[in-house]
Amino acid sequence: MDRFDNMRVFAKVVESGGFTSAAVRLGMSASMVSQHVKELEERLSVRLLNRTTRKVSLTETGRAYYQRCTRLLADLEETEHAASDMHAAPRGELRVNSWPSFGVRHLALAVADFTARFPAISVELMLSDRMADLIDDGFDVAVRAEPLHDSSLIARHLAPLRVVVCGAPSYFETHAKPRTPSDLKDHNCLTMTGSALYRMWHLRAADGTAIDIAPVGNLHSNISSVLETAALAGHGLAWLPTYLCCDALRSGRLVTVLDDYMAPPYAIRALYPHNRHLSAKVRAFVDFLAARFGREPYWEIARRPTAERLVLSAAQPA
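This one's a predicted model, so the numbers in the text were calculated from it and none came from an experiment.

Here's the deal with the overall build of the protein
A tally of helices and strands in the protein yields 13 helices and 14 strands. Burial analysis of the protein (318 residues in total) assigns 43% to the buried set. Within the protein, contacts between residues separated by at least 24 positions form 73% of all contacts whose residues are at least 6 apart in sequence. In the form shown here, the protein has an accessible surface area of approximately 16,900 Å², with 53% of it arising from carbon and sulfur atoms.

Take a look at the structure:
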């Protein structure tokens, strides 16, 4: 008999509390169950179970072996699922978490197009300004931009995230454009709460010097699209991601300032637990997003001059 079969039967005996119950659950005779356990004990030269007429119990050695055995069997099952999923058509339910401004502006349509391409997959997209616990909250994948502090997650880069300081032309009719970060103290800065990514405004000078700014203003929100709306109305300066304000920048309804000071590179990433095999549905979704957004996302291309947009668009994958 195969040693892994022996281990599976032994584990089922322990979980069922006896040979007869295990036999019923496994669909085999009680004598066959007993034979599996006997072969396992003979191979190991140890007694794993104490047997009485009423029940079985683990020996001390058996308890330690059972713990290792179940982990090994789980890893084996995971490996088999992963191998079969590589050739399986993506299907099933996919739960995705992301943050509201990006989720509404870009991910919603991406998810709809994904389900059109993979009709056997249904997607539940949940948006929250705080990072969800993928395991406890039951998500398959998260699309986030926050710094990754959880070592139990695998991160795949989907697109760069660029941030600019900007304001409406109407605001600059009564306020001089800031020339250096220190000038921001004289401006109404529309600020984010909640997200560590936006609470401080991080800039770098041309020589690489890092400049961290604690912005001060009279409007705060945990949703960046609220700040974009206020900035468009001329109420102050905002620190906005280009995925959100690209159309307004292109049309001139918002203009950037402090262009000699660049924000450090951020990234939009797909996150998923490393202790789960990458199922066909998750792999298909992550690949789809990586191809859709790319190294030069369409929202970045949209705000470039016309000639440059044509070149960059032609270089994007179909």
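That covers the picture; the talk isn't over yet.
Brief notes about the packing of helix H5 (residues 100-117) against helix H11 (residues 280-293)
Viewed as axis vectors pointing N to C, H5 and H11 meet at an angle of 120 degrees, and their least axial separation amounts to 11 Å. Judged by the angle between their axes, H5 and H11 are oblique. Taken as a pair, H5 and H11 cross one another with a handedness that is right-handed. Two secondary-structure elements touch here, H5 through Phe102, Leu107, Leu109, Ala110, Val111, Asp113, Phe114 and Arg117 and H11 through Lys281, Ala284, Phe285, Phe288, Leu289, Arg292 and Phe293. Taken together, the residues of the contact of H5 with H11 sort by class into 11 nonpolar, no polar and 4 charged.

Points about the side chain of Arg144
Positionally, Arg144 belongs in strand E5 (residues 141-144). Within the structure, Arg144 has its side chain in polar contact with the backbone oxygen of Ser98 (distance 3.1 Å). Contacts of Arg144, omitting those with residues within four sequence positions, involve Asn97, Ser98, Trp99, Ser128, Asp129, Arg130, Met131, Ala267, Ile268, Arg269 and Leu271.

A look at unusual backbone geometry
If a residue is not glycine, its phi is most likely negative; likewise, a peptide bond is most likely trans. In this model, Ser45 sits at a positive phi of 60 degrees, which is unusual for a non-glycine residue. Along the chain, Ser45 turns up in the loop between helix H3 (30-44) and strand E1 (49-51). Among the residues examined, Ser45 registers a relative accessible area of 62% and is labelled exposed.

With respect to the side chain of Lys281
Structurally, Lys281 can be placed in helix H11. When residues no more than four places from it in sequence are discounted, the contact partners of Lys281 are Pro90, Arg91, Glu93, Leu94, Phe114, Ile121 and Asp140.

Re helix H2 (residues 19-26)
Taken together, the buried positions of H2 are Phe19, Ala22 and Ala23. Each buried residue of H2 sits inside an arc of 105 degrees when the element is viewed along its axis, so together they form one side. Seen from the buried face of H2, the exposed residues on the opposite side, beyond 90 degrees, are Thr20, Val24 and Arg25. Tucked into the core, H2 has its buried residues touching helix H1 (3-16), H3, E1 and strand E2 (56-58).

Brief notes about the sheet that holds strand E6 (residues 153-161)
On the basis of which strands lie adjacent, the open sheet formed by 5 strands has the order E4-E3-E5-E14-E6 and mixed pairing. The open sheet has two free edges, formed respectively by strand E4 (121-127) and E6, since each of these has just one partner strand. With strand direction ignored, the average angle separating the axes of adjacent strands in the sheet is 20 degrees. Summarising the sheet, strand E3 (residues 92-98) and E5 pair through 3 bridges and their orientation is parallel. Note that in E5 the partner of Val96 across the bridge is Val141. The strands that H5 touches are E3, E4, E5 and strand E14 (266-273); relative to E4, the one it contacts most, it runs at about 175 degrees.

Section: the sheet that holds strand E13 (residues 255-257)
Taken in spatial order, the 5 strands line up as E11-E8-E12-E7-E13 in an open sheet, and their pairing is mixed. If you trace the sheet from one side to the other, it starts and ends with strand E11 (220-221) and E13, each paired once. Where strand E7 (residues 163-167) lies against strand E12 (residues 237-241), 4 bridges are found, and the strand directions are antiparallel. Bridged to Val163 within E12 is Pro241. This element, helix H9 (residues 224-232), spans strand E8 (189-192), E11 and E12 of the sheet and lies at about 170 degrees to E8. This element, helix H10 (residues 242-251), spans E7, E12 and E13 of the sheet and lies at about 115 degrees to E12.

A look at the packing of aromatic side chains
Two numbers describe a pair of aromatic rings. These are the distance of the centres and the angle of the planes. Per the counting criterion, the structure on display carries 16 aromatic pairs. Taken together, the ring pairs in this structure connect Trp99, Phe102, Tyr243, Phe293, Tyr298 and Trp299 into an aromatic cluster. When the ring centre of Phe139 is taken as reference, the NZ or CZ atom of Arg95 above it lies at 4.3 Å. The positively charged end of Lys177 is found above the aromatic ring belonging to Phe172, 5.5 Å away from the centroid.

Remarks on the nonpolar core
In terms of nonpolar packing, the biggest core is built from 63 residues, with Phe102, Val143, Leu161, Trp239, Leu254, Phe285 and Leu289 touching the most fellow members. Setting aside residues up to four positions removed in sequence, Leu254 forms contacts with Cys166, Gly167, Ala168, Pro169, Glu228, Ala231, Leu232, Leu240, Cys245, Ala248 and Leu249.

What counts and how
- Residues numbered from 1 in each chain as written.
- Predicted model: local features only at pLDDT ≥ 70, side-chain atom pairs only at ≥ 80, totals over all residues.
- Heavy atoms only, no water.
- Helix = DSSP H or I, 4+ residues; strand = E, 2+ residues; numbered from the N terminus.
- Buried < 20%, exposed > 50% of the residue type's maximum accessible area, 1.4 Å probe, protein only.
- Contact = heavy atoms within 4.5 Å.
- Areas by Shrake-Rupley, 256 points an atom, 1.4 Å probe, with all protein chains shown as cover.
- Axes fitted to C-alpha atoms, helices over the stretch in contact; angles between N-to-C directions.
- Parallel < 35°, antiparallel > 145°, perpendicular 65-115°, else oblique.
- Left-handed = near helix turned anticlockwise from the far one by under 90°.
- Nonpolar A, V, L, I, M, F, W, Y, C, P; charged D, E, K, R; others polar.
- Polar contact = N/O pair within 3.5 Å; in protein donor to acceptor, adjacent residues only side chain to side chain.
- Arc of directions from axis to C-beta.
- Pairing = 2+ DSSP bridges.
- Phe/Tyr/Trp six-rings, centres within 6.5 Å; stacked < 30°, edge-to-face > 60°.
- Lys NZ or Arg CZ within 6 Å of the ring centre and 35° of its normal.
- Core = buried A, V, L, I, M, F, W, Y, C linked by side-chain atoms within 4.5 Å.

Shape descriptors only; they carry no functional weight alone.
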